[in-house]
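# Analysis of the macromolecular model
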Amino acid sequence: EKGDTGPQGPKGETGPAVALDTTLTHEGERFSMGMNWPNFAYAGQTLALVYYETGRVEFYDLSRGKLSLEKAGGDSTPVEELMEADLTQRSFQGVKYDAIVSDGKYFYVLANDYRYTGPQPDPSNIRFTSCILVYSRQGTPLRKYALDHPASDILAYRGVIYAYNRWKDFEQVYVYRPDEK
């Protein structure tokens, strides 16, 4: 054999093995989305985006009926460079922005710091720690909270943050009340 082959295309042909980030099917075509997908949340007239690969947070004003960038933070790489960058070559290790949510008053960004614990980059030896970055609706950074359990997803409601780890203990939801500290 010549080695592993990747997923079959629409007509059954195969190619070299590749790790697909996300596969979508539309009218029989198969393709992979780029890795720097945004997550978003909105509160009032503000839309906030976080980008997983680049650690960038953007705040847009929606009040004029169109997206108007008001503030950006995190990675300061110019958009033109990011559009040309091969993000598949970036290391999986490091801080990634996995989610952003809002309770209507604040935006909460889930930032996870991923580290390999073994010699080979393998999903079974990846560990991570989590923190929550809190932003105002105007995009001003306010606080950072370290979580006592790693989280893959979060939800915020009335100042309470609910977190869980879909890879470890999916049935366990951790409840955090940041304003009580």
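In this report, we go over the structure that sits alongside the text. Predicted model, so just to flag it, every value in this text is computed and none were measured.

## Description of the sheet that holds strand β11 (residues 153–157)
Sheet architecture is open: 3 strands sit in the order β11-β12-β13, paired in antiparallel fashion. Of all strands in the sheet, those with a lone pairing partner are β11 and β13 (174–176), marking the two edges. Neighbouring strand axes in the sheet, compared pairwise and without regard to direction, differ in orientation by 20° on average. Across 3 bridges, the pairing between strand β12 (residues 160–164) and β13 is antiparallel. Along β13, the bridge assignment pairs Ala-163 with Tyr-174.

## Re the environment of Ile-161
Along the chain, Ile-161 turns up in strand β12. C-alpha of Ile-161 to C-alpha of Pro-178: the two residues are 17 residues apart in sequence and 7.8 Å apart in space. In contact with Ile-161, other than residues within four places in its own chain, are Tyr-108, Ile-132, Ile-154, Leu-155, Ala-156, Tyr-174, Val-175, Tyr-176 and Pro-178.

## Thoughts on the pairing of strand β7 (residues 94–102)
Most of β7 sits inside the fold, with 8 of its 9 residues counted as buried. Of the pairings in the sheet, the one linking β7 to strand β8 (residues 106–116) comprises 8 bridges and is antiparallel in character. Considered in β8, the bridge of Lys-96 is made with Asn-112. Here β7 folds back onto β8, and the loop between the two strands holds 3 residues, one of which, Gly-104, carries a positive phi near 95°.

## Some details on the sheet that holds strand β3 (residues 38–43)
On the basis of which strands lie adjacent, the open sheet formed by 4 strands has the order β3-β4-β5-β6 and antiparallel pairing. One side of each edge strand has no neighbouring strand; the edge strands of this open sheet are β3 and β6 (68–74). Pairs of neighbouring strands in the sheet enclose a mean axial angle of 20°, with direction left out of account. In the sheet, strand β4 (residues 46–51) pairs with strand β5 (residues 56–61) via 6 bridges, with the strands oriented antiparallel. From the neighbouring strand, Tyr-51 faces β5, where its bridge partner is Arg-56.

So, how was this worked out
- Residues numbered from 1 in each chain as written.
- Predicted model: local features only at pLDDT ≥ 70, side-chain atom pairs only at ≥ 80, totals over all residues.
- Heavy atoms only, no water.
- Pairing = 2+ DSSP bridges.
- Helix = DSSP H or I, 4+ residues; strand = E, 2+ residues; numbered from the N terminus.
- Axes fitted to C-alpha atoms, helices over the stretch in contact; angles between N-to-C directions.
- Contact = heavy atoms within 4.5 Å.
- Buried < 20%, exposed > 50% of the residue type's maximum accessible area, 1.4 Å probe, protein only.

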